[in-house]
Amino acid sequence: MERFDTVDGFRSAMDGVRSRTQVVGLVPTLGALHEGHRSLIRRAAQDCDAVAVTVFVNPLQFAPDEDFEAYPRELERDAASAASSGATHLFAPSQQEMYPAPVLTEVRVPALAGLLEGAARPEHFGGVATVVTKLFAIAGPCRAYFGEKDFQQLAIVRRVAADLSLPVEVVACPTVRELDGLAMSSRNVYLEGDEREAAVVLHRALQAGAAAIVAGERDGESVCSLMASIIEAEPRAKLDYVTVADPGSLSPLDRLEPGQAVRLLGAAQVGRPRLLDNLGVVVPG
Ligand code: AMP
């Protein structure tokens, strides 16, 4: 695996791959790689000739009171983990390299970025969309692999690529979970003591919502009430939101129609971390 810390070096390596008519797979990350990230890298390695993993803790997507400074940084471990999962290139630029001057240009998708996660973190998705667009511009034409774990982020990245006609095919990959169902996340390391056990309540609530739909529930509000009540019954969890939404617009759905694909999404605070999760269901009938 070749390592790059400059924009020009990484860009010319990606140009080199394409000049051999090979396909680039791109896996953007904040680092602290876990099995969820590794599943994206392995999938990209199956589909593509070269797999470029980017590791960059992007300050634009953290609010001043968030964990930018504390975010786990483990570049040597990440490099070994990426290489053993099939990465051929690692791009790990410094902040100075990515943002040599104050950023005056932003990419925003207000219709998708203001709700759900965006209601709690108003600047977050602008920062994500801006850095992802920049990484796409640096990497050039590629397939880019994103996890369904961050479903709203995936929806936003898809819209950015489509709306700006970027030469990138966005590929969605399923959420990787711990044995009890907790979605893997770099921030799970913040869970202390019995918080780890409590954290699975979010997944359990979403599963109960999905089961209710499969059993015939057609009222979105009732599904939300059921999911909320499960999270509220766990004293160590603080519910932020649950929703039954359209997978593209992320708008809440009142009536669920037979054959409709819907997404159940939720967020809750357990101890220090805010946990996110989601599940897809097709309404039977
Ligand atoms: P992050 O480093 O948290 O920005 O995540 C980088 C990429 O890995 C994003 O596309 C995430 O959606 C994806 N990812 C994170 N956790 C998981 C997981 N548990 N399963 C699948 N993909 C994940």
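Up top is the structure these notes are about.
Focus: the pairing of strand E2 (residues 24-29)
Argument step 1. Here E2 lies mainly inside the structure; six of its six residues are buried.
Argument step 2. Residues Val24, Leu26 and Pro28 line one face of E2 and the alternating positions Gly25, Val27 and Thr29 line the opposite face, and both faces are buried.
Argument step 3. In terms of strand pairing, E2 meets strand E3 (residues 50-55) through six bridges, oriented parallel. Along E3, the bridge assignment pairs threonine 29 with valine 55.

What to know about the side chain of serine 81
Argument step 1. The residue serine 81 is located in helix H3 (residues 75-85) in this model.
Argument step 2. Residue contacts for serine 81: discarding those within four places in its chain leaves Leu33 and Arg38.

Concerning the nonpolar core
Argument step 1. With 46 residues, the main nonpolar core has Phe10, Leu26, Phe91, Met98, Phe136, Phe146 and Ile156 as its most contacted residues.
Argument step 2. Among the elements that make up this core, the one with the highest residue count is helix H7 (residues 124-139) (nine residues).
Argument step 3. Apart from residues no more than four positions distant in its own chain, phenylalanine 10 is found in contact with Phe4, Leu26, Ala52, Thr54, His89, Phe91, Ile138 and Ala139.
Argument step 4. Counting 28 residues, the second largest nonpolar core, distinct from the first, contains Leu182, Ala228, Val244 and Leu279.

Concerning the environment of isoleucine 213
Argument step 1. Structurally, isoleucine 213 can be placed in helix H10 (residues 201-214).
Argument step 2. In this structure, the C-alpha to C-alpha distance between isoleucine 213 and serine 85, residues 128 residues apart in sequence, is 37 Å.
Argument step 3. Apart from residues no more than four positions distant in its own chain, isoleucine 213 is found in contact with Arg218, Val223, Leu256, Val262, Leu264, Val281, Val283 and Pro284.

Here we look at the site of the ligand
Argument step 1. Not every one of the 16 residues close to the ligand is listed here, only the nearest: Leu30, Gly147, Asp150, Val176 and Met184.
Argument step 2. Methionine 184 is positioned with one of its backbone polar atoms (N or O) 2.9 Å from a nitrogen atom of the ligand.
Argument step 3. Relative to its unbound accessible area of 480 Å², the ligand is 93% covered by the protein chains.
Argument step 4. The set of elements that each furnish at least two residues to the shell around the ligand consists of E2, helix H2 (35-47) and strand E5 (142-147).
Argument step 5. At three residues, H2 tops the list of elements feeding residues into the shell around the ligand.

The rules we used
Residues numbered from 1 in each chain as written. Predicted model: local features only at pLDDT ≥ 70, side-chain atom pairs only at ≥ 80, totals over all residues. Heavy atoms only, no water. Buried < 20%, exposed > 50% of the residue type's maximum accessible area, 1.4 Å probe, protein only. Helix = DSSP H or I, 4+ residues; strand = E, 2+ residues; numbered from the N terminus. Pairing = 2+ DSSP bridges. Contact = heavy atoms within 4.5 Å. Core = buried A, V, L, I, M, F, W, Y, C linked by side-chain atoms within 4.5 Å. Near = heavy atom within 4 Å. Polar contact = N/O pair within 3.5 Å; in protein donor to acceptor, adjacent residues only side chain to side chain. Areas by Shrake-Rupley, 256 points an atom, 1.4 Å probe, with all protein chains shown as cover.

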